Amino acid sequence: MKTVDVPERLRIALLTERFGQKFGGAESYAVSLFRVLSQRHDVTVFAREFDHDLPVKQHIISIPSWCPSWLRLWLFSRRCAQLTRTGFDITHSHTNAGSANIQLMHVAPVRYRRFVDRTFFQKLLVWLTPVQLAYLWMESQAIKAHPGHLLVTVAPLVKEQLKLAYGEDLPVEVVTPGAELVAPNALIRQRVRTELGWGAQDIGCLLVARNPLRKGLVAVLRAMRLLPNNFRLAVVGAGPEVQAVLDSQFPELRDRVQLVAATTEVSQYYLSADVYVHPTLQDSFGMAPLEAMAHRLPVVLSGTAYCGFAQYVTHEQNAWVLSNPQDPEQIAAGLRKLGLDHIVRERLISQALHLVADFSWDAIAQQYEALYANSLRARKD
């Protein structure tokens, strides 16, 4: 990607259904990115829900709560298109619909999930399902080429999926999430560990997710059964469904597992833990392991078949990589090694800090500014 200077302060419209770090990884990506970009450009965020502290203008798009998700997405993108037709230099969309200058895709494309490596009857069923057709049509509009349109993904894995779904000639840029190094804080660490009921001899394990059950929590709980009692687990982002699973399937772990509701104050939990665990089965990138590394935590995570971020790490060099994230014995082995073997632990932390330095949010913002400039130039040519 050619880097060019942005010649002026841009008027940027960000389109995202929800804008706030508590909503999940994709939403957190937008907040962190525009925390930097809003310092240099005039940003207006169009969203249905907000939860942030950024100095940006915000425009609430109200959609009736009774609308199904596909209709809600279409109405949102249609309303945004009307409101951003004039008055902006760049429209930057994090929604999988509509038309924008910068179209960011966080997850596997609908067309890939529905048609690649599927049987004839599975594909036929898609064509007979109106809701699936609606999502396919909206996605096709989002990636449709037009002057100044640039398609961006957060990971090489999604780029590969887009090309498998729409053809090798599809131009796609990759701009990963970022992270910033966070200094240790003994006061916060002690306060939060006390709140969690962790003692000085306890090994605090952490999993952060908007939907922990989809990030491998059950496998982690099975691994906890194999570990000594001083291994404790905090799950940040846990809702009633997680409590139900804990109570019904793992009642013997209730004293060792602390469930924390979704919060914007996630950093304090990273600062207080000893090991981060992320046995996801499907993450286009996986921001949480990178954020954990930025907080100087050793990380256990799924391999490249399951987690896009795993493409950037090396087993036992800067992370502990799981070949099978559903195997509780593998997870337990990783947690035990990083929790008790201080030599391995410190080596992984040291090497991970070098990796984090390559993912600063300021560097990510500069990549987007280069894309903005290229988009503007393409529309002027």
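Use the structure listed above.
Residues numbered from 1 in each chain as written. Predicted model: local features only at pLDDT ≥ 70, side-chain atom pairs only at ≥ 80, totals over all residues. Heavy atoms only, no water.

Colleague: Would you take a moment to explain helix 9 (residues 240-249) for this structure?
Modeller: Structural remark: α-helix, 3.6 residues per turn; residues separated by three or four positions point the same way. When helix 9 is considered as a whole, its buried residues turn out to be Val242, Val245 and Leu246. One face of helix 9 carries all of its buried residues, which in axial projection span an arc of 95 degrees. Set apart from the buried face of helix 9 by more than 90 degrees, the exposed residues are Pro240 and Ser248. (Buried < 20%, exposed > 50% of the residue type's maximum accessible area, 1.4 Å probe, protein only. Helix = DSSP H or I, 4+ residues; strand = E, 2+ residues; numbered from the N terminus. Arc of directions from axis to C-beta.)

Colleague: I would appreciate a short explanation of the sheet that holds strand 10 (residues 203-208) in the present structure.
Modeller: Picture the strands of a sheet paired through backbone hydrogen bonds; they go either parallel or antiparallel. One open sheet accounts for six strands, arranged 12-11-10-13-14-15; its pairing is parallel. Strands at the two margins of the open sheet, each flanked by one partner only, are strand 12 (257-260) and strand 15 (320-322). The mean angle between the axes of side-by-side strands here comes to 20 degrees, regardless of whether they run parallel or antiparallel. The pairing of strand 13 (residues 275-278) with strand 14 (residues 299-302) spans three bridges and is parallel. Bridge pairing in strand 14 links His278 to Leu301. Lying over the sheet, helix 8 (residues 217-224) contacts strand 10, strand 11 (231-236), strand 12 and strand 13, oriented at roughly 165 degrees with respect to strand 11. (Pairing = 2+ DSSP bridges. Axes fitted to C-alpha atoms, helices over the stretch in contact; angles between N-to-C directions. Contact = heavy atoms within 4.5 Å.)

Colleague: Quick question: what am I supposed to make of the pattern of salt bridges here?
Modeller: Pairing is possible between side chains of opposite charge, provided their charged atoms come close. One pass over the structure, following the stated rule, counts 16 salt bridges. Here Arg40 makes a salt bridge to Asp362, at a shortest N to O gap of 3.3 Å. Here Asp362 lies in helix 14 (residues 361-380) and Arg40 lies in the loop between helix 1 (25-37) and strand 3 (42-47), a separation of 322 residues in the sequence. Judged by its relative accessible area of 28%, Arg40 is partly exposed. Two residues, Arg345 and Glu346, come together in a salt bridge whose shortest N-O distance is 3.9 Å. A relative accessible area of 13% places Arg345 in the buried class. Residues joined by salt bridges that share partners form a network here, namely Arg40, Asp362 and Glu369. (Salt bridge = Lys/Arg side-chain N within 4 Å of Asp/Glu carboxyl O.)

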